[in-house]
Amino acid sequence: MHWRSIIRLFGLLMMFYSLNFVPSLLVSLYYQDQQWQVFTYSILAVLGFGLLLWALNHDQRDEMSVRDGFLVVALFWFILGLVGALPFIFGLHLDLTDAVFESISGFTTTGATVITGLDSLPESILYHRQQIQWLGGMGIIVLAVAILPLLGVGGMQLYRAETSGVAKNEKLTPRIAETARSLWMIYVFLTLACAACYWLAGMTLFDAIGHAYTTVATGGFSTHDASLGHYDSPLIESIAIFFMLAGGVNFAVHFLVLRQKLLTPYVKDTEVRSYGLIFIIITLIVSLSLFATASYPSLLTSFRYAAFQVASILTSTGFGTATFGDWPLHIPLVLVIASFIGGCAGSTAGGIKVMRILLLAKLGMRQLFQLVHPRAVIAIKLGQKPVSEEVMFSVWGFYVLYIVTSLLLTVAMMAAGLDLESAFGAVVATINLLGPGLGEVASTFASVNDTVKWLGVFGMLVGRLEVFTLLILFLPAYWRN
């Protein structure tokens, strides 16, 4: 382990991140909400500590290995969670557990919250919540498209095989830095377009920017307790659906669309086509179920609420216009299944990812076919390109660890005092990066105990870091020389 190089890197990270408190400071001064000192203290604390870490290790420039990469990626999100918690501690006087939970939920774009009374919070604190989700979303895209393929995590080697249409050597452009810049341009463009649409649809400029941050990041934090249901506007909900679905698409495909100036990459990409089909099918199932149970007065109204909620849950955004856990019969379970599927690989969405679900389905069908034709040699393909057995083993291993971790977390949360429905709902909300859950955590984690919240933090990090990246740190062999 190149410990001093890792510490130097995090010193630089903290110095850089201290600048991200500046917009919140300016918002506080503009609205005169008396929180400017909170962000000034946060800037000084983070900048000072980062400078200290860097100064003690500034001459350490060893090139880090793939093994170091796992630790760097895992610590990256946890340290950001600690740093982002400072305004919640200084400004809202939350205890450490609640502040870290809220911050990790923001950076991992989960959207689960312990804060109530959002409508009366200072504007700068609200802005900070929205901004950390936006920054976390961008970090996730760079992680998924530029870094995880190098680590070979959970089937992300598919980028190496060019299955997703990405250029050779799992990079969109020759260098990871250029890849990151390309992704930033797309991300900023989508955010500006979303903010403009929200503003024209009737939101205030502050709310339009804040909700654009968390829509494109598929995060789900809102400036209102009632989420987007606060506006009761079909137009705003339609805009949200469009940009939530866009945030759930592989950003490598967005890049190809912009580079080619054609929409054909969306149509040609197998994962994107399947993602759209899953959204349509689940929306129809939920719409007809809501109408059949007379939950809403008309089929059109049922479709309105179903389409929004399915888009929100499939992309793991977590915005709400209704509490889906209160819907009748099988509907909550259908939506929970959608949250496990998630969006596309290389997007800001959570869940197992459509690409892995497709490969697992193809693997299952191959096994059935080989029971009938034992001597058949069948290659699994995604699109027109075969997928290696190495990648299939990685995908299968990811799926097993994901499900086993979900079950163990459910048991742990029940042991911590939650009933079965609430425990399962809390795991769905955290490991799938969904935000709202079931039972006691249907809308907020404020009422659960600290043990459940720390288990939730672990679940969010597992879900965000593609399982392997975090769990490998618990393997004794990883720490042996």
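Residues numbered from 1 in each chain as written. Predicted model: local features only at pLDDT ≥ 70, side-chain atom pairs only at ≥ 80, totals over all residues. Heavy atoms only, no water.

## Topic: the overall build of the protein
Check the secondary structure of the protein and you find 21 helices and two strands. For the protein, the residues scored as buried account for 58% of the 481 residues in total. Contacts in the protein between residues at least 24 apart in sequence constitute 71% of all its contacts with a sequence separation of at least 6. Carbon and sulfur atoms provide 69% of the accessible area of the protein, an area that totals close to 20000 Å². (Helix = DSSP H or I, 4+ residues; strand = E, 2+ residues; numbered from the N terminus. Buried < 20%, exposed > 50% of the residue type's maximum accessible area, 1.4 Å probe, protein only. Contact = heavy atoms within 4.5 Å. Areas by Shrake-Rupley, 256 points an atom, 1.4 Å probe, with all protein chains shown as cover.)

## A look at the side chain of Thr113
Here Thr113 shows up in the loop between α6 (96-107) and α7 (123-151). Among the polar contacts made by the side chain of Thr113, one reaches the side chain of Arg129 at a distance of 3.4 Å. Each residue touching Thr113, except ones within four places of it in the same chain, is listed here: Phe101, Glu102, Arg129, Phe221, Ser443, Thr444, Phe445 and Ala446. (Polar contact = N/O pair within 3.5 Å; in protein donor to acceptor, adjacent residues only side chain to side chain.)

## Comments concerning helix α9 (residues 205-216)
With 12 residues, α9 should reach 16 Å at 1.5 Å per residue; the first-to-last C-alpha distance of 16 Å fits that figure. Burial analysis of α9 places 10 of its 12 residues in the buried class, the great majority of the element. Buried residues of α9: Phe206, Asp207, Ala208, Gly210, His211, Ala212, Tyr213, Thr214, Thr215 and Val216, and no others. (Expected span 1.5 Å × (residues − 1).)

## Some points on the packing of helix α13 (residues 270-292) against helix α15 (residues 331-341)
One way to put it is that α13 packs onto α15 with a least axis distance of 10 Å and a crossing angle of 165°. Between α13 and α15, the angle falls in the class roughly antiparallel. Of the two possible hands of crossing, α13 and α15 adopt the one that is left-handed. Contacts from Ile278, Ile282, Val286, Ser289 and Leu290 of α13 reach α15 at Ile331, Val334, Leu335, Ala338 and Ile341. (Axes fitted to C-alpha atoms, helices over the stretch in contact; angles between N-to-C directions. Parallel < 35°, antiparallel > 145°, perpendicular 65-115°, else oblique. Left-handed = near helix turned anticlockwise from the far one by under 90°.)

## Observations regarding α13
Its 23 residues place the ends of α13 33 Å apart at the C-alpha level, agreeing with the 33 Å of an ideal helix rising 1.5 Å per residue. Here α13 starts with a cap whose side-chain oxygen sits 3.1 Å from the backbone nitrogen of Glu271, and that cap is Asp269. At the C-terminal side of α13, Ala294 shows a positive phi close to 55°.

## Thoughts on a nonpolar patch on the surface
On the surface, a cluster of nonpolar side chains totalling about 610 Å² of accessible area is made up of Phe16, Leu19, Val22, Leu26, Leu29 and Trp36. The dominant element in the nonpolar patch, judged by the number of residues it contributes, is helix α2 (residues 22-31), at three residues. Its place among the elements puts Leu19 in the loop between α1 (3-18) and α2. On the basis of relative accessible area, Leu19 is assigned to the exposed category, the value being 53%. (Patch = residues over 30% accessible without salt bridge, like charges linked within 9 Å, V, L, I, M, F, W, Y side chains within 5 Å. Salt bridge = Lys/Arg side-chain N within 4 Å of Asp/Glu carboxyl O.)

## Quick look at the packing of aromatic side chains
Scanning the entire structure with this criterion turns up 22 aromatic pairs. Taken together, a centroid distance of 5.0 Å and an interplanar angle of 85° make the contact between Phe242 and Phe243 edge-to-face. The exposure class of Phe242 is exposed, given its relative accessible area of 54%. Judged by its relative accessible area of 6%, Phe243 is buried. Site record: aromatic cluster; members linked through ring pairs are Tyr127, Trp134, Trp184, Tyr187, Tyr213 and Phe251. Looking at Arg129, its charged tip hangs above the ring of Phe221, at a distance of 3.9 Å from the centre. If you follow Arg356 out to its NZ or CZ, it ends over the ring of Phe398, 3.7 Å from the centre. (Phe/Tyr/Trp six-rings, centres within 6.5 Å; stacked < 30°, edge-to-face > 60°. Lys NZ or Arg CZ within 6 Å of the ring centre and 35° of its normal.)

## Notes on the pattern of salt bridges
Any two side chains of opposite charge can pair if their charged atoms end up close together. Summed over all chains, the structure comprises seven salt bridges. Between Asp98 and Lys453 there is a salt bridge, with its nearest N and O atoms 2.6 Å apart. Residue Asp98 is found in helix α6, and its partner Lys453 is found in helix α19 (residues 450-464); the two are separated by 355 residues along the sequence. A salt bridge links Glu466 to Lys353; its shortest N-O distance comes to 3.3 Å. Of this pair, Glu466 sits in the loop between α19 and α20 (468-471) while Lys353 sits in the loop between α15 and α16 (354-372), placing them 113 residues apart in sequence. This pair shows no difference in class: Glu466 is buried, exactly as Lys353 is.

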